[in-house]
Amino acid sequence: MHHTIDVKELHYRYPDGTPALRGVSLYIAPGQKVALVGPNGSGKSTLILHLNGILRGEGEVCVCGKPIRDENVPAIRAQVGLVFQDPDDQLFSHRVFEDVAFGPVHLGMEESEVRRRVGQALAAVGMEGFEDRVPHHLSMGEKRRVAIATVLAMDPEILVLDEPTAGLDPRGRRELISLLQHLPQTMLVATHDMRMVAELFPRTIVIDEGQIVADGPTAELFGNEQLLAAHGLEI
Amino acid sequence: MHFDLTDAYRPRKSAIHRLDPRVKLVVALLYILTTVAMPDGEWEAFGLLQIVALAFAWRSNLGPFYAFRRAFIALPFILAALPIPFLMPGPTVWTMPVVGWGVSAPGLVRFLSILLRTWLAVQAGILLSATTRLPEILWALSVLRVPATLVSIIGFMYRYIFILADEAVRMLRARSARSPKATGPSRPSLLWQGRMAGMMVGSLFLRSLERSERVYEAMLSRGYAGQVRMLQAFHMGRGDWLALLMAGVLLAVPVGLMLIR
Amino acid sequence: MHLSGTPLHIPDGFLSPVVSIIGWAIALAIIVIALRQTRLQLGERQVPLMGVLAAFIFAAQAINFPIAAGTSGHLLGGALAAIVMGPWAATLIMTAVIAMQGLLFQDGGLLAMGWNILNMGVFTAFAGYAGYASLRRLIGEGPRSRLAAAFAGAWLSVMVGAIATAFELALSGTSPLRAALPAMAGVHALIGLGEGIITTGAVGLLEVTRPEVIRAGEEAPGRLGAAFTLGGLSLALVVAVLSPLASASPDGLEFVAERQGFLRSALEPPFKLLPDYTLPLVRNEVLTTILAVLLGTLVVFALAWLVGRGAVRREHARES
């Protein structure tokens, strides 16, 4: 069945030789919403970049039932929507419309189809009518939601987000959490926001120094004070 | 703090704003070409061209003297032409007191002509950027056969200028918060200050390099494979062709005047 | 908001239409080559990398340091861009910056943009890179060698840009060479020092924090182009000096022959380098300036070589 993430013994070293991922294995079933937590430098972002083929390490990464190979990378990038930490990195066009349209246009779609998708994606994140706005003038919360829309426009089966609530004020955070709650896709979210983890994600994976040190029900993990302290996590 | 570099564009509801960006770009370039090609001393032609510029400014709901006033910026360069009235041969019309340098009539005519040409050409540029958003100008350039890659590069640059300028401003502010007075006996040496500025530049470069890497990854994630594709944005309407024709006629008048002589 | 570096942006009206169009033709040809070369060099990264770095140069031109009485030193950036990315990439980056400045802020004209791109983009990038690379080779490896070479290259880049501008103005009949050349060369000999200091500061930081970036720049394509540019520019210089252009105006030699009075004698050089019968009097100002520039360049490069070499020797002495 589709919508799965299946990582087996993933190893990756940075260009200068330091190991970033040391044998990471995890499986995410369709429709699951999973949190990925760990201290800075633990390899969260590096792992995420492997999930749509931007980085290629040793070991196997299967997404939606298919191992990532050169031939299927373009298809995988449409199926796995990656939302990065800094929305300014993803909103690189002059208007919101163009940014959200970027994915569909590069998938080769017709103009009318592109427009339809843009409308749908913006509606899904609550940003209807923002097509003509300039990214530079949006608030952080608005930028984050538009960034998610840029990925939703490609109709992905899986969403992977890196620190989606960082830098948001309480209202923006509340809006984003509520958005994530309503999106139907399989989800993997890297975050430091433990309260959001408790609220949204029934399962949590803990990563530290490139290795998975815990993977299980969130409530269990949060009760394990030793574990939390050992890996610099606080609720 | 926001570095507001969109200063140039002034949103208005005007006939000119609504025109196809290709028309505005072509008309601006033709205007500048006409102006620059005018021989020295064609005062009537210059006057007509100025009226055309005022008319365009007025039609754009910017106020007729919008561009006229702002054309000052080009003037510092006029110093380059300053020697001309003194060096060009011809009957002397005025002699400078004390040093006795003579100003010749042809020299003066030439100097003033250069001044006027520059003033007019700058007005055309100001009106273009005030009535047309930069992304639209860029699109018009790409349609007029400027290499698409270059246009994309400029587009990206425009997008990230604000962010990087903000970072530069933050660095400058942090520096002034930490620096002793810039003048006076206890100030740090020129060399040290220069090196500090250099290090700020270097660190801004690294941040830019890293950001470009992240932008590239974001582009890859949305299907980018080396060619930036754009949707067709504008279609020439009847009003656009009419405007083009009108501009052509208007510009032909000063040229005709000049040829008659 | 005005963030330009040095006063080299030529507005429209200062160059004749013919000169402008020639400039555009040359600039476009070079841009097309630069696009191809950077595509080979950078692959898919070309657009985001060049774009963001162009934004960097634009922003970096605002980073200044106070010199004296309200003036400050700024970066133009062509040499720095060439040192870290290679001259072809630098050409593209500077082209984007100049296009922006011209289109948005009328900092530099639209017709004149061809020459502005050549002066501030192509010539600065290639001359800066050529100066840097050749001096590096002369000095050899060493901690200071790169910094000294960067300083000299940056200084040279500004000089070449300024001198080219003076010639373009003269060719258009806007500014007599004997006035424009000494003025431009003189002012920019000083501005070039600021460019050198800031460039060196930046390269120094990068050497320490991200040496692989510097190394990548040294391996970037463009060495042949740099050699050609320097050769071409030197040739152009020789031709220009010997041509009627070096006389003060389009009217030629009759020009000065007709002028009488205080002004002419005031502009005579304090000494004559060549006797009257081989070259007309008027050319001596231009010749003097050219020779002064060449001499100044030799001095700057020699000093840089000494500083770089001295550091190398000290390192070797310490190791042995």
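Residues numbered from 1 in each chain as written. Chains lettered and ligands numbered in written order. Predicted model: local features only at pLDDT ≥ 70, side-chain atom pairs only at ≥ 80, totals over all residues.

K.L.:
Outline the overall build of chain A, supporting the account with residue identities and numerical values.
P.N.:
When its secondary structure is counted, chain A shows ten helices and ten strands. Rg of the C-alpha trace for chain A: 18 Å, near the compact-globule value of 18 Å for 235 residues, within the 12% margin. With the C-alpha coordinates aligned to their principal axes, the bounding extent of chain A is approximately 50 × 45 × 35 Å. When the 235 residues of chain A are sorted by exposure, 44% land in the buried category. (Helix = DSSP H or I, 4+ residues; strand = E, 2+ residues; numbered from the N terminus. Rg over C-alpha atoms; globule rule 2.2 N^0.38 Å. Buried ≥ 20, exposed ≤ 12 C-beta atoms within 10 Å, placed from the backbone.)

K.L.:
Talk me through the sheet that holds strand β8 (residues 186–190) of chain A; I want residue IDs and the actual numbers.
P.N.:
All names here are of chain A. Pairing is mixed in the open sheet, where six strands are placed in the order β6-β7-β8-β3-β9-β10. Either end of the sheet is taken by a strand with one partner, and the two such strands are β6 (80–83) and β10 (211–217). Each strand of the sheet is rotated relative to its neighbour by a mean of 15 degrees, with strand direction disregarded. Lying on the sheet, helix α6 (residues 140–152) is in contact with β6 and β7 (158–162); it crosses β6 at an angle near 160 degrees. (Pairing = 2+ DSSP bridges. Axes fitted to C-alpha atoms, helices over the stretch in contact; angles between N-to-C directions. Contact = placed C-beta atoms within 7 Å.)

K.L.:
Residue-level account of the interface of chain A and chain B, with values.
P.N.:
Of the residues lining the interface, 26 residues belong to chain A; the matching set on chain B comes to 18 residues. Those elements that place two or more of their residues in the side of chain A that touches chain B are α2 (73–79), α3 (87–90), α4 (96–106) and α5 (111–124) of chain A. A total of five residues in the side of chain A that touches chain B trace back to one element, the largest contributor, which is α4(A). Split into classes, the residues belonging to the side of chain A that touches chain B amount to 13 nonpolar, eight polar and five charged. (Nonpolar A, V, L, I, M, F, W, Y, C, P; charged D, E, K, R; others polar.)

K.L.:
How would you explain helix α2 (residues 46–60) of chain C if you had to name every residue and give the values?
P.N.:
In a regular helix each residue adds 1.5 Å, so 15 residues correspond to 21 Å; α2(C) covers 20 Å between its end C-alpha atoms and thus fits that length. Of all 15 residues in α2(C), 15 are buried, a share of seventy percent or more. (Expected span 1.5 Å × (residues − 1).)

K.L.:
Account for the pairing of β6(A), with residues named and values stated.
P.N.:
Residues and elements named next belong to chain A. In β6, alternate side chains face the same way, and those of Val80 and Leu82 on one face and Gly81 and Val83 on the other are all buried. Alignment of β6 against β7, held across four bridges, turns out to be parallel. When the bridges of β7 are listed, Val83 appears paired with Leu161.

K.L.:
So what's going on with the nonpolar core? Which residues, and what values?
P.N.:
One finds B:Met157, C:Ala54, C:Ala59, C:Ala81, C:Ile93 and C:Ala96 to be the most contacted residues of the largest nonpolar core, which totals 247 residues. With 19 residues, the top contributor of residues to this core is helix α6 (residues 143–171) of chain C. Viewed by domain, this core spans two of them, domain 1 (9–142 + 235–260) and domain 2 (156–221) of chain B, each represented by three or more residues. Discounting chain neighbours no more than four positions away, the residues touching B:Met157 are C:Gly51, C:Ala54, C:Ala55, C:Phe58, C:Ala96 and C:Met100. (Core = buried A, V, L, I, M, F, W, Y, C linked by C-beta atoms within 7 Å. Domains from an automatic or database assignment.)

K.L.:
Please set out the interface of chain B and chain C residue by residue, giving values where relevant.
P.N.:
How big an interface is tends to be stated in terms of the accessible area lost upon association of its parts. Between chain B and chain C, the contact holds 75 residues from the first and 74 residues from the second. Those elements that provide at least two residues to the side of chain B that touches chain C are α2 (21–37), α5 (84–87), α6 (105–131), α7 (134–143), α8 (148–178) and α9 (190–221) of chain B. Looking at the side of chain B that touches chain C element by element, the count peaks at 23 residues for α9(B). Grouping the amino acids of the side of chain B that touches chain C by side-chain chemistry returns 56 nonpolar, 15 polar and four charged.

K.L.:
Could you give an account of α6(B), naming the residues involved and the relevant values?
P.N.:
With 27 residues, α6(B) should cover 39 Å at 1.5 Å per step; its first-to-last C-alpha distance of 39 Å lies within 8% of that length. Most of α6(B) sits inside the fold, with 21 of its 27 residues counted as buried.

K.L.:
Hey, could you go over the environment of A:Pro184 for me, with residue numbers and the actual values?
P.N.:
Note on placement: A:Pro184 falls in the loop between α7 (170–182) and β8. With 115 residues separating them in the primary sequence, A:Pro184 and A:Arg69 have C-alpha atoms 27 Å apart.

K.L.:
Describe the pairing of strand β1 (residues 5–13) of chain A, and please don't skip the residues or the numbers.
P.N.:
Residue and element names in this part refer to chain A. In this structure, β1 lies alongside strand β2 (residues 19–28), joined through seven bridges in antiparallel fashion. Within β2, the residue paired with Asp6 across the bridge is Tyr27. Linking β1 back to β2 in an antiparallel pair, the connection comprises five residues, with Gly17 at a positive phi of about 105 degrees. Where β1 lies against strand β4 (residues 58–63), five bridges are found, and the strand directions are antiparallel. Bridging across to β4, Val7 finds its partner in Val61.

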